[in-house]
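Breakdown of the fold
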Amino acid sequence: MSTSKTIKSALISVFSKDGLEPIVRKLHEQNVTLYSTGGTEEFIKNLGIPVIAVEDITSYPSILGGRVKTLHPKIFGGILNRQDNASDVQQMEEFQIPQIDLVIVDLYPFEKTVASGASEIDIIEKIDIGGISLIRAAAKNFKDTVIVASVDEYAMLLDLITSQNGATSIEDRKLLATKAFHVSSHYDTAIFNYFNHDETIYKESIAHGQILRYGENPHQKGFFFGDFDAMFQKIHGKELSYNNLLDVDAAVNLILEFKNEAPTFAILKHNNACGLATRKSMKEAYLAALAGDPTSAFGGVLIANQKIDAETANEINALFCEVVIAPSYDADAISILSEKKNRIILVQNEVTLPQRQVRTCLNGLLVQDKNNITDNKEHLKTVTITTPSSEEIEDLIFASKICKNTKSNTIVLAKNNTLIASGTGQTSRVDALRQAIEKAHTFGFDLNGSVMASDAFFPFPDCVEIAKEAGITAVIQPGGSIKDGLSIDYCNENKVAMVFTGTRHFKH
(Lines give C-alpha, C1' and ligand atoms only; values in the text may rest on other atoms or scores of the structure.)
Protein backbone atom coordinates (compact mmCIF):
# COMPACT_ATOMS: atom_id res chain seq x y z
CA MET A 1 0.00 0.00 0.00
CA SER A 2 1.31 3.45 -0.88
CA THR A 3 2.45 5.61 2.02
CA SER A 4 2.11 8.79 -0.02
CA LYS A 5 -0.48 11.24 1.29
CA THR A 6 -1.90 14.23 -0.51
CA ILE A 7 -2.64 17.27 1.62
CA LYS A 8 -6.31 18.22 1.32
CA SER A 9 -6.73 20.25 4.50
CA ALA A 10 -4.45 22.33 6.72
CA LEU A 11 -4.61 24.01 10.11
CA ILE A 12 -2.40 27.09 10.29
CA SER A 13 -1.89 28.96 13.57
CA VAL A 14 1.38 30.84 13.96
CA PHE A 15 2.79 33.63 16.12
CA SER A 16 5.11 34.92 13.37
CA LYS A 17 3.79 35.32 9.84
CA ASP A 18 7.22 35.77 8.20
CA GLY A 19 7.56 33.55 5.12
CA LEU A 20 4.02 32.19 5.41
CA GLU A 21 2.43 33.84 2.37
CA PRO A 22 3.99 31.66 -0.40
CA ILE A 23 2.91 28.50 1.42
CA VAL A 24 -0.67 29.73 1.89
CA ARG A 25 -0.90 30.72 -1.77
CA LYS A 26 0.45 27.36 -2.94
CA LEU A 27 -1.97 25.44 -0.68
CA HIS A 28 -4.85 27.52 -2.02
CA GLU A 29 -3.69 26.87 -5.57
CA GLN A 30 -3.86 23.13 -4.79
CA ASN A 31 -7.43 23.46 -3.45
CA VAL A 32 -6.45 22.71 0.14
CA THR A 33 -9.09 23.61 2.75
CA LEU A 34 -7.58 26.02 5.27
CA TYR A 35 -8.47 26.32 8.95
CA SER A 36 -7.07 29.00 11.22
CA THR A 37 -7.46 31.18 14.30
CA GLY A 38 -7.06 34.79 15.39
CA GLY A 39 -4.28 36.76 13.78
CA THR A 40 -3.33 34.00 11.33
CA GLU A 41 -6.93 33.74 10.14
CA GLU A 42 -7.00 37.50 9.54
CA PHE A 43 -3.64 37.30 7.72
CA ILE A 44 -4.99 34.65 5.33
CA LYS A 45 -8.20 36.59 4.73
CA ASN A 46 -6.16 39.69 3.88
CA LEU A 47 -4.48 37.66 1.14
CA GLY A 48 -7.93 37.19 -0.40
CA ILE A 49 -7.86 33.45 0.32
CA PRO A 50 -10.83 31.66 1.92
CA VAL A 51 -10.26 30.29 5.40
CA ILE A 52 -12.49 28.53 7.94
CA ALA A 53 -12.31 29.73 11.53
CA VAL A 54 -11.56 27.06 14.13
CA GLU A 55 -14.51 28.42 16.12
CA ASP A 56 -16.81 27.37 13.26
CA ILE A 57 -15.64 23.76 13.71
CA THR A 58 -15.68 23.62 17.50
CA SER A 59 -18.68 25.91 18.07
CA TYR A 60 -16.59 27.48 20.84
CA PRO A 61 -15.00 30.92 20.65
CA SER A 62 -11.44 31.65 21.71
CA ILE A 63 -11.75 31.97 25.50
CA LEU A 64 -9.78 32.96 28.60
CA GLY A 65 -7.95 35.77 26.87
CA GLY A 66 -6.82 33.50 24.04
CA ARG A 67 -5.46 30.80 26.35
CA VAL A 68 -7.89 28.25 24.89
CA LYS A 69 -8.44 28.29 21.13
CA THR A 70 -7.60 24.97 19.49
CA LEU A 71 -7.86 22.63 22.50
CA HIS A 72 -10.94 20.70 21.36
CA PRO A 73 -11.71 17.09 20.28
CA LYS A 74 -12.83 18.24 16.85
CA ILE A 75 -9.37 19.72 16.24
CA PHE A 76 -7.25 17.05 17.86
CA GLY A 77 -9.45 14.26 16.51
CA GLY A 78 -8.84 15.62 13.01
CA ILE A 79 -5.09 15.49 13.63
CA LEU A 80 -4.74 12.26 15.64
CA ASN A 81 -7.15 9.94 13.83
CA ARG A 82 -5.64 6.83 12.23
CA GLN A 83 -6.93 6.74 8.68
CA ASP A 84 -6.47 2.98 8.39
CA ASN A 85 -8.32 2.26 11.65
CA ALA A 86 -11.99 1.40 11.10
CA SER A 87 -13.04 2.53 14.58
CA ASP A 88 -11.32 5.92 14.11
CA VAL A 89 -12.96 6.36 10.71
CA GLN A 90 -16.39 5.53 12.19
CA GLN A 91 -15.95 8.00 15.05
CA MET A 92 -14.78 10.74 12.67
CA GLU A 93 -18.05 10.36 10.82
CA GLU A 94 -20.16 10.02 13.98
CA PHE A 95 -18.86 13.21 15.56
CA GLN A 96 -18.45 15.11 12.28
CA ILE A 97 -14.74 15.71 12.79
CA PRO A 98 -12.95 17.22 9.78
CA GLN A 99 -9.74 15.57 8.63
CA ILE A 100 -6.60 17.72 9.12
CA ASP A 101 -3.69 16.60 6.95
CA LEU A 102 -1.22 19.42 7.63
CA VAL A 103 -0.52 21.44 10.75
CA ILE A 104 1.60 24.59 10.55
CA VAL A 105 2.20 26.05 13.98
CA ASP A 106 4.93 27.88 15.86
CA LEU A 107 5.33 28.69 19.53
CA TYR A 108 5.19 31.84 21.58
CA PRO A 109 8.74 33.28 21.88
CA PHE A 110 9.42 32.13 25.44
CA GLU A 111 13.23 32.34 25.32
CA LYS A 112 13.22 35.79 23.75
CA THR A 113 10.76 37.01 26.37
CA VAL A 114 12.97 35.74 29.20
CA ALA A 115 16.06 37.28 27.58
CA SER A 116 14.29 40.63 27.26
CA GLY A 117 14.02 40.93 31.05
CA ALA A 118 10.22 40.86 30.96
CA SER A 119 8.16 40.42 34.11
CA GLU A 120 7.23 36.96 35.32
CA ILE A 121 3.60 37.60 34.36
CA ASP A 122 4.62 38.28 30.75
CA ILE A 123 6.98 35.30 30.73
CA ILE A 124 4.30 32.90 31.99
CA GLU A 125 1.90 34.11 29.30
CA LYS A 126 4.52 33.10 26.70
CA ILE A 127 4.36 29.46 27.77
CA ASP A 128 2.52 28.02 24.79
CA ILE A 129 -0.15 25.42 25.49
CA GLY A 130 -2.21 25.02 22.32
CA GLY A 131 0.78 25.23 20.00
CA ILE A 132 2.88 22.66 21.82
CA SER A 133 -0.13 20.30 21.98
CA LEU A 134 -0.73 20.64 18.23
CA ILE A 135 2.94 19.92 17.53
CA ARG A 136 3.02 16.78 19.66
CA ALA A 137 -0.27 15.49 18.27
CA ALA A 138 0.64 15.97 14.61
CA ALA A 139 4.18 14.66 15.11
CA LYS A 140 2.90 11.56 16.92
CA ASN A 141 0.55 10.84 14.01
CA PHE A 142 3.21 11.36 11.32
CA LYS A 143 1.86 8.27 9.55
CA ASP A 144 -1.07 10.38 8.37
CA THR A 145 -0.31 13.99 9.29
CA VAL A 146 2.31 16.53 8.22
CA ILE A 147 3.69 18.83 10.93
CA VAL A 148 5.66 22.03 10.36
CA ALA A 149 6.68 23.45 13.72
CA SER A 150 9.15 26.17 12.75
CA VAL A 151 9.70 28.82 10.14
CA ASP A 152 13.00 27.01 9.50
CA GLU A 153 11.01 24.24 7.77
CA TYR A 154 8.90 26.52 5.55
CA ALA A 155 11.29 26.18 2.62
CA MET A 156 11.24 22.39 2.90
CA LEU A 157 7.44 22.30 3.01
CA LEU A 158 7.06 24.67 0.06
CA ASP A 159 9.49 22.58 -1.97
CA LEU A 160 7.63 19.37 -1.10
CA ILE A 161 4.16 20.58 -1.97
CA THR A 162 5.41 22.28 -5.12
CA SER A 163 7.56 19.46 -6.50
CA GLN A 164 5.18 16.68 -5.42
CA ASN A 165 1.91 18.47 -6.11
CA GLY A 166 0.81 18.48 -2.48
CA ALA A 167 1.85 14.92 -1.73
CA THR A 168 4.26 13.75 0.97
CA SER A 169 5.94 10.42 1.62
CA ILE A 170 6.17 8.65 4.97
CA GLU A 171 9.87 9.60 5.03
CA ASP A 172 8.99 13.27 4.51
CA ARG A 173 6.46 13.20 7.34
CA LYS A 174 8.73 11.34 9.74
CA LEU A 175 11.58 13.79 9.10
CA LEU A 176 9.28 16.73 9.79
CA ALA A 177 7.99 14.98 12.92
CA THR A 178 11.58 14.56 14.13
CA LYS A 179 12.21 18.27 13.61
CA ALA A 180 8.96 19.05 15.42
CA PHE A 181 9.92 16.99 18.48
CA HIS A 182 13.25 18.84 18.46
CA VAL A 183 11.33 22.12 18.64
CA SER A 184 9.03 20.91 21.43
CA SER A 185 11.80 19.36 23.55
CA HIS A 186 13.97 22.47 23.22
CA TYR A 187 11.02 24.63 24.23
CA ASP A 188 10.22 22.51 27.27
CA THR A 189 13.87 22.54 28.37
CA ALA A 190 13.92 26.34 28.24
CA ILE A 191 10.78 26.51 30.37
CA PHE A 192 12.15 24.01 32.88
CA ASN A 193 15.43 25.89 33.21
CA TYR A 194 13.54 29.11 33.86
CA PHE A 195 11.73 27.51 36.80
CA ASN A 196 14.45 25.18 38.07
CA HIS A 197 16.57 26.11 41.09
CA ASP A 198 17.78 22.60 41.92
CA GLU A 199 21.43 22.53 40.87
CA THR A 200 21.52 18.72 41.03
CA ILE A 201 19.28 18.56 37.96
CA TYR A 202 20.91 19.41 34.64
CA LYS A 203 19.11 19.88 31.34
CA GLU A 204 20.51 21.58 28.27
CA SER A 205 19.19 21.93 24.75
CA ILE A 206 21.13 23.58 21.94
CA ALA A 207 19.07 24.23 18.84
CA HIS A 208 21.94 24.71 16.40
CA GLY A 209 24.50 22.13 15.36
CA GLN A 210 26.90 21.41 12.54
CA ILE A 211 28.91 18.43 11.31
CA LEU A 212 32.68 18.98 11.35
CA ARG A 213 35.14 17.38 8.94
CA TYR A 214 36.17 15.08 11.79
CA GLY A 215 36.93 15.20 15.49
CA GLU A 216 40.22 15.58 17.29
CA ASN A 217 41.67 12.94 14.95
CA PRO A 218 40.58 11.93 11.43
CA HIS A 219 39.08 8.61 12.59
CA GLN A 220 36.72 10.39 15.03
CA LYS A 221 33.41 12.00 14.08
CA GLY A 222 33.08 15.60 15.20
CA PHE A 223 30.17 17.99 15.78
CA PHE A 224 29.73 21.52 17.10
CA PHE A 225 26.55 22.50 18.90
CA GLY A 226 26.08 26.23 19.30
CA ASP A 227 25.42 29.41 17.35
CA PHE A 228 28.86 30.11 15.90
CA ASP A 229 27.48 32.85 13.65
CA ALA A 230 26.29 34.81 16.69
CA MET A 231 29.86 34.92 18.01
CA PHE A 232 31.79 35.48 14.81
CA GLN A 233 31.54 36.79 11.31
CA LYS A 234 33.67 34.51 9.15
CA ILE A 235 34.98 36.62 6.31
CA HIS A 236 37.54 34.29 4.74
CA GLY A 237 39.00 30.81 4.77
CA LYS A 238 38.14 27.14 5.06
CA GLU A 239 35.71 25.55 7.47
CA LEU A 240 36.87 25.41 11.06
CA SER A 241 37.90 22.02 12.40
CA TYR A 242 37.26 20.49 15.82
CA ASN A 243 40.78 21.45 16.93
CA ASN A 244 40.41 24.94 15.45
CA LEU A 245 37.30 25.46 17.55
CA LEU A 246 39.04 24.34 20.74
CA ASP A 247 41.89 26.78 20.04
CA VAL A 248 39.45 29.59 19.19
CA ASP A 249 37.64 28.97 22.47
CA ALA A 250 40.92 29.14 24.39
CA ALA A 251 41.93 32.29 22.50
CA VAL A 252 38.63 34.06 23.17
CA ASN A 253 38.80 33.32 26.90
CA LEU A 254 42.43 34.42 27.12
CA ILE A 255 42.03 37.71 25.28
CA LEU A 256 38.96 38.48 27.41
CA GLU A 257 41.42 38.98 30.29
CA PHE A 258 42.84 41.94 28.34
CA LYS A 259 39.59 43.54 27.20
CA ASN A 260 39.65 47.35 27.17
CA GLU A 261 43.42 47.36 27.76
CA ALA A 262 46.28 48.58 25.57
CA PRO A 263 46.87 46.73 22.26
CA THR A 264 47.41 43.07 23.14
CA PHE A 265 48.14 40.18 20.81
CA ALA A 266 48.15 36.46 21.63
CA ILE A 267 49.27 33.40 19.70
CA LEU A 268 47.94 30.00 20.81
CA LYS A 269 48.80 26.41 20.01
CA HIS A 270 46.96 23.41 21.42
CA ASN A 271 44.85 25.69 23.66
CA ASN A 272 47.86 27.32 25.35
CA ALA A 273 49.48 30.70 24.71
CA CYS A 274 52.90 30.41 23.09
CA GLY A 275 53.17 34.19 22.66
CA LEU A 276 51.44 37.18 24.19
CA ALA A 277 52.39 40.82 24.56
CA THR A 278 50.89 44.23 25.31
CA ARG A 279 52.34 47.26 23.55
CA LYS A 280 51.49 50.77 22.34
CA SER A 281 50.55 49.52 18.86
CA MET A 282 49.09 46.25 17.56
CA LYS A 283 52.06 45.71 15.25
CA GLU A 284 54.48 45.97 18.18
CA ALA A 285 52.30 43.66 20.27
CA TYR A 286 52.20 41.05 17.50
CA LEU A 287 55.96 41.11 16.89
CA ALA A 288 56.67 40.82 20.62
CA ALA A 289 54.21 37.93 20.95
CA LEU A 290 55.74 36.15 17.96
CA ALA A 291 59.23 36.52 19.43
CA GLY A 292 58.07 34.57 22.50
CA ASP A 293 58.06 31.32 20.52
CA PRO A 294 58.25 31.68 16.74
CA THR A 295 58.52 27.90 16.37
CA SER A 296 55.23 27.07 18.09
CA ALA A 297 53.50 30.00 16.37
CA PHE A 298 53.61 28.07 13.08
CA GLY A 299 50.06 26.85 12.42
CA GLY A 300 48.69 28.65 15.47
CA VAL A 301 45.59 30.68 16.25
CA LEU A 302 46.11 34.46 16.52
CA ILE A 303 43.88 36.87 18.39
CA ALA A 304 43.93 40.62 19.05
CA ASN A 305 41.96 42.68 21.56
CA GLN A 306 41.67 45.65 19.15
CA LYS A 307 41.50 46.35 15.43
CA ILE A 308 44.14 44.77 13.20
CA ASP A 309 45.56 47.35 10.80
CA ALA A 310 47.39 46.89 7.50
CA GLU A 311 50.84 47.16 9.10
CA THR A 312 50.08 44.36 11.51
CA ALA A 313 48.45 42.29 8.74
CA ASN A 314 51.61 42.53 6.64
CA GLU A 315 53.63 41.07 9.51
CA ILE A 316 51.07 38.33 10.15
CA ASN A 317 50.99 37.42 6.47
CA ALA A 318 54.57 36.18 6.66
CA LEU A 319 53.49 33.49 9.14
CA PHE A 320 51.56 30.33 8.37
CA CYS A 321 48.63 30.44 10.79
CA GLU A 322 45.28 28.69 10.87
CA VAL A 323 43.02 31.41 12.30
CA VAL A 324 43.14 35.16 12.90
CA ILE A 325 40.59 36.76 15.24
CA ALA A 326 39.94 40.42 16.02
CA PRO A 327 37.00 42.67 16.87
CA SER A 328 37.61 44.54 13.59
CA TYR A 329 40.03 44.98 10.69
CA ASP A 330 41.09 47.71 8.32
CA ALA A 331 39.86 46.98 4.80
CA ASP A 332 43.45 46.71 3.62
CA ALA A 333 44.23 44.29 6.45
CA ILE A 334 41.48 41.94 5.26
CA SER A 335 42.81 42.05 1.71
CA ILE A 336 46.32 41.23 2.91
CA LEU A 337 45.29 38.40 5.22
CA SER A 338 43.01 36.92 2.55
CA GLU A 339 45.99 36.27 0.28
CA LYS A 340 46.26 32.82 1.90
CA LYS A 341 43.12 31.06 0.67
CA ASN A 342 42.72 28.67 3.62
CA ARG A 343 43.50 31.16 6.39
CA ILE A 344 40.39 31.64 8.52
CA ILE A 345 39.62 35.28 9.33
CA LEU A 346 37.05 35.92 12.04
CA VAL A 347 35.47 39.11 13.33
CA GLN A 348 34.55 38.57 16.96
CA ASN A 349 31.16 39.91 18.02
CA GLU A 350 30.16 41.08 21.50
CA VAL A 351 28.44 37.99 22.89
CA THR A 352 27.86 36.86 26.46
CA LEU A 353 29.64 33.56 26.99
CA PRO A 354 28.12 30.69 29.00
CA GLN A 355 28.77 31.01 32.72
CA ARG A 356 28.98 27.25 33.23
CA GLN A 357 31.44 24.76 31.82
CA VAL A 358 30.40 21.22 30.90
CA ARG A 359 32.48 18.17 30.00
CA THR A 360 31.86 14.44 29.81
CA CYS A 361 33.15 12.38 32.72
CA LEU A 362 32.83 8.62 33.19
CA ASN A 363 29.18 7.82 32.35
CA GLY A 364 27.95 11.36 32.95
CA LEU A 365 28.87 15.02 32.97
CA LEU A 366 30.89 17.38 35.10
CA VAL A 367 29.47 20.90 35.41
CA GLN A 368 31.12 23.86 37.09
CA ASP A 369 30.89 27.63 37.25
CA LYS A 370 33.26 29.42 34.92
CA ASN A 371 36.44 30.77 36.51
CA ASN A 372 35.53 34.46 36.39
CA ILE A 373 38.12 35.72 38.89
CA THR A 374 40.91 37.71 37.29
CA ASP A 375 43.67 38.64 39.71
CA ASN A 376 44.17 42.39 40.16
CA LYS A 377 46.04 44.75 42.45
CA GLU A 378 43.31 44.62 45.10
CA HIS A 379 43.77 40.85 45.38
CA LEU A 380 47.51 40.98 46.04
CA LYS A 381 48.93 40.41 49.50
CA THR A 382 52.66 40.94 49.81
CA VAL A 383 54.02 38.21 52.11
CA THR A 384 57.74 39.03 51.89
CA ILE A 385 59.97 41.77 53.26
CA THR A 386 60.84 42.78 49.71
CA THR A 387 57.87 44.41 48.05
CA PRO A 388 57.39 44.27 44.28
CA SER A 389 57.92 47.45 42.30
CA SER A 390 55.06 48.98 40.32
CA GLU A 391 56.57 47.53 37.14
CA GLU A 392 56.81 44.10 38.73
CA ILE A 393 53.20 44.29 39.94
CA GLU A 394 52.09 45.06 36.40
CA ASP A 395 54.05 42.07 35.09
CA LEU A 396 52.78 39.81 37.88
CA ILE A 397 49.16 40.53 37.02
CA PHE A 398 49.95 40.13 33.32
CA ALA A 399 51.55 36.73 34.00
CA SER A 400 48.70 35.63 36.25
CA LYS A 401 46.14 36.26 33.51
CA ILE A 402 48.05 33.96 31.18
CA CYS A 403 48.61 31.40 33.92
CA LYS A 404 44.86 31.21 34.59
CA ASN A 405 44.29 30.26 30.95
CA THR A 406 47.12 27.72 30.63
CA LYS A 407 46.90 23.97 31.20
CA SER A 408 47.99 22.85 34.68
CA ASN A 409 50.49 22.36 36.12
CA THR A 410 51.82 25.59 34.74
CA ILE A 411 54.43 28.24 35.40
CA VAL A 412 54.42 31.48 33.42
CA LEU A 413 57.42 33.79 33.11
CA ALA A 414 56.89 37.39 32.01
CA LYS A 415 58.80 40.64 31.64
CA ASN A 416 57.79 44.06 30.34
CA ASN A 417 54.23 42.90 29.52
CA THR A 418 55.55 40.03 27.44
CA LEU A 419 55.15 36.30 27.82
CA ILE A 420 58.75 35.10 28.03
CA ALA A 421 57.97 31.41 28.37
CA SER A 422 55.62 28.97 30.07
CA GLY A 423 55.74 25.40 31.28
CA THR A 424 52.40 23.81 30.45
CA GLY A 425 50.56 20.65 31.42
CA GLN A 426 53.35 19.18 33.52
CA THR A 427 52.91 16.58 36.25
CA SER A 428 55.00 18.66 38.65
CA ARG A 429 55.36 22.38 39.15
CA VAL A 430 59.15 22.02 39.23
CA ASP A 431 59.08 20.42 35.79
CA ALA A 432 56.87 23.23 34.53
CA LEU A 433 59.32 25.84 35.81
CA ARG A 434 62.34 24.09 34.33
CA GLN A 435 60.54 23.77 31.01
CA ALA A 436 59.76 27.50 31.03
CA ILE A 437 63.34 28.49 31.89
CA GLU A 438 64.81 26.25 29.21
CA LYS A 439 62.36 27.62 26.63
CA ALA A 440 63.18 31.22 27.55
CA HIS A 441 66.90 30.56 27.13
CA THR A 442 66.27 28.79 23.80
CA PHE A 443 64.74 31.96 22.37
CA GLY A 444 67.40 34.25 23.85
CA PHE A 445 65.47 35.92 26.65
CA ASP A 446 67.19 37.45 29.65
CA LEU A 447 65.31 36.32 32.74
CA ASN A 448 66.98 38.82 35.06
CA GLY A 449 64.22 41.04 36.43
CA SER A 450 61.44 38.80 35.14
CA VAL A 451 58.47 37.57 37.20
CA MET A 452 56.93 34.15 37.77
CA ALA A 453 53.26 33.14 38.07
CA SER A 454 52.02 29.79 39.36
CA ASP A 455 48.49 28.43 39.05
CA ALA A 456 48.68 26.82 42.51
CA PHE A 457 50.68 27.05 45.74
CA PHE A 458 54.23 25.79 46.30
CA PRO A 459 54.31 22.92 48.82
CA PHE A 460 58.10 23.24 48.98
CA PRO A 461 60.58 26.07 48.37
CA ASP A 462 62.20 24.33 45.38
CA CYS A 463 60.40 26.49 42.77
CA VAL A 464 61.41 29.80 44.33
CA GLU A 465 64.96 28.51 44.70
CA ILE A 466 65.15 27.62 40.99
CA ALA A 467 63.46 30.91 40.06
CA LYS A 468 65.97 32.96 42.05
CA GLU A 469 68.89 31.19 40.41
CA ALA A 470 67.40 32.00 36.98
CA GLY A 471 67.16 35.73 37.77
CA ILE A 472 63.46 35.99 38.61
CA THR A 473 62.79 38.77 41.12
CA ALA A 474 59.04 38.55 41.88
CA VAL A 475 56.51 35.75 42.26
CA ILE A 476 52.72 35.57 42.24
CA GLN A 477 50.90 32.51 43.54
CA PRO A 478 47.65 31.66 45.38
CA GLY A 479 49.26 30.65 48.67
CA GLY A 480 47.49 28.25 51.00
CA SER A 481 50.06 25.52 51.57
CA ILE A 482 50.73 24.48 55.16
CA LYS A 483 54.38 24.97 54.18
CA ASP A 484 54.02 28.48 52.70
CA GLY A 485 56.51 29.64 55.31
CA LEU A 486 59.36 27.71 53.66
CA SER A 487 58.95 29.59 50.37
CA ILE A 488 58.45 32.91 52.17
CA ASP A 489 61.59 32.40 54.27
CA TYR A 490 63.68 31.64 51.19
CA CYS A 491 62.37 34.72 49.38
CA ASN A 492 63.13 36.90 52.43
CA GLU A 493 66.67 35.54 52.66
CA ASN A 494 67.27 36.17 48.94
CA LYS A 495 65.38 39.46 48.45
CA VAL A 496 62.72 38.01 46.16
CA ALA A 497 59.28 39.66 46.29
CA MET A 498 56.27 37.37 46.57
CA VAL A 499 52.55 38.09 46.59
CA PHE A 500 49.60 35.82 47.36
CA THR A 501 46.25 36.14 45.57
CA GLY A 502 44.17 33.66 47.55
CA THR A 503 42.76 32.18 44.34
CA ARG A 504 43.91 28.97 42.70
CA HIS A 505 43.67 28.76 38.91
CA PHE A 506 43.84 25.07 38.00
CA LYS A 507 42.90 24.32 34.39
CA HIS A 508 42.61 20.68 33.40
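Data block above holds the structure.
Keep in mind the model is a prediction, meaning the values are calculated, not measured. (Residues numbered from 1 in each chain as written. Predicted model: local features only at pLDDT ≥ 70, side-chain atom pairs only at ≥ 80, totals over all residues. Heavy atoms only, no water.)

Counted according to the given criterion, the structure contains 10 aromatic pairs. Consider the rings of Phe110 and Tyr194, whose centres lie 5.9 Å apart with planes at 85 degrees: the pair is edge-to-face. Placement of the pair is Phe110 in helix α6 (residues 110–115) and Tyr194 in helix α10 (residues 170–195), with a sequence separation of 84 residues. Relative accessible area serves as the criterion here: at 2%, Phe110 is assigned to the buried category. Residue classification places Tyr194 among the partly exposed residues on the basis of a relative accessible area of 23%. Judged by centre distance (6.4 Å) and plane angle (90 degrees), the ring pair of Phe224 and Phe228 falls under edge-to-face. (Phe/Tyr/Trp six-rings, centres within 6.5 Å; stacked < 30°, edge-to-face > 60°. Helix = DSSP H or I, 4+ residues; strand = E, 2+ residues; numbered from the N terminus. Buried < 20%, exposed > 50% of the residue type's maximum accessible area, 1.4 Å probe, protein only.)

A separate point is the nonpolar core. In a soluble, globular protein the nonpolar side chains are often hidden away together inside. Ranked by internal contacts, the top residues of the largest apolar core, which has 40 residues, are Phe232, Val248, Leu276, Ile303, Ile325, Leu346 and Ile402. Once residues lying within four places of it in the same chain are set aside, the contact partners of Ile303 are Ala251, Val252, Ile255, Thr264, Phe265, Ala266, Leu268, Ile325 and Gln348. Ala432, Val464, Ala467 and Val496 belong to the second largest nonpolar core, which has 28 residues in total. (Core = buried A, V, L, I, M, F, W, Y, C linked by side-chain atoms within 4.5 Å. Contact = heavy atoms within 4.5 Å.)

Of the residues making up helix α20 (residues 484–493), those classed as buried are Asp484, Ser487, Ile488, Tyr490 and Cys491. The arc enclosing the buried residues of α20, seen along the axis, measures out at 160 degrees, which places them on a common side. On its buried face, α20 is in contact with α19 (462–470) and β23 (497–500). Lys495 lies just past α20 and shows a positive phi near 55 degrees. (Arc of directions from axis to C-beta.)

So, about the side chain of Asn417. Position of Asn417 among the secondary structure elements: in the loop between β19 (411–414) and β20 (419–423). The buried category is assigned to Asn417, whose relative accessible area is 15%. What Asn417 contacts, discounting residues up to four positions off in sequence, is Leu276, Ala277, Thr278, Arg279, Glu394, Asp395 and Phe398.

Most of strand β2 (residues 9–13) sits out of view: five of its five residues are buried. Burial of β2 is two-sided: the residues Ser9, Leu11 and Ser13 facing one way and the residues Ala10 and Ile12 facing the other way are all buried. Here β2 runs beside strand β3 (residues 33–36); their pairing, made up of four bridges, is parallel. Across the sheet, the residue bridging to Ala10 is Leu34, located in β3. (Pairing = 2+ DSSP bridges.)

Looking now at the sheet that holds strand β4 (residues 52–53). Remark on secondary structure: sheet strands pair via backbone hydrogen bonds, oriented parallel or antiparallel. Spatially, five strands are ordered β4-β3-β2-β5-β6 in an open sheet, and the strand pairing comes out parallel. A single partner strand is all that each edge strand has here, and the edge strands are β4 and β6 (146–148). The strands that helix α2 (residues 38–46) touches are β2, β3 and β4; relative to β3, the one it contacts most, it runs at about 140 degrees. (Axes fitted to C-alpha atoms, helices over the stretch in contact; angles between N-to-C directions.)

Moving on to the environment of Leu365. Tracing the backbone through its elements, the reader meets Leu365 in strand β17 (residues 364–369). Note: C-alpha distance between Leu365 and Asp88 (277 residues apart in sequence) is 45 Å. Beyond its immediate chain neighbours, meaning those up to four positions away, Leu365 contacts Tyr202, Val358, Arg359 and Thr360.

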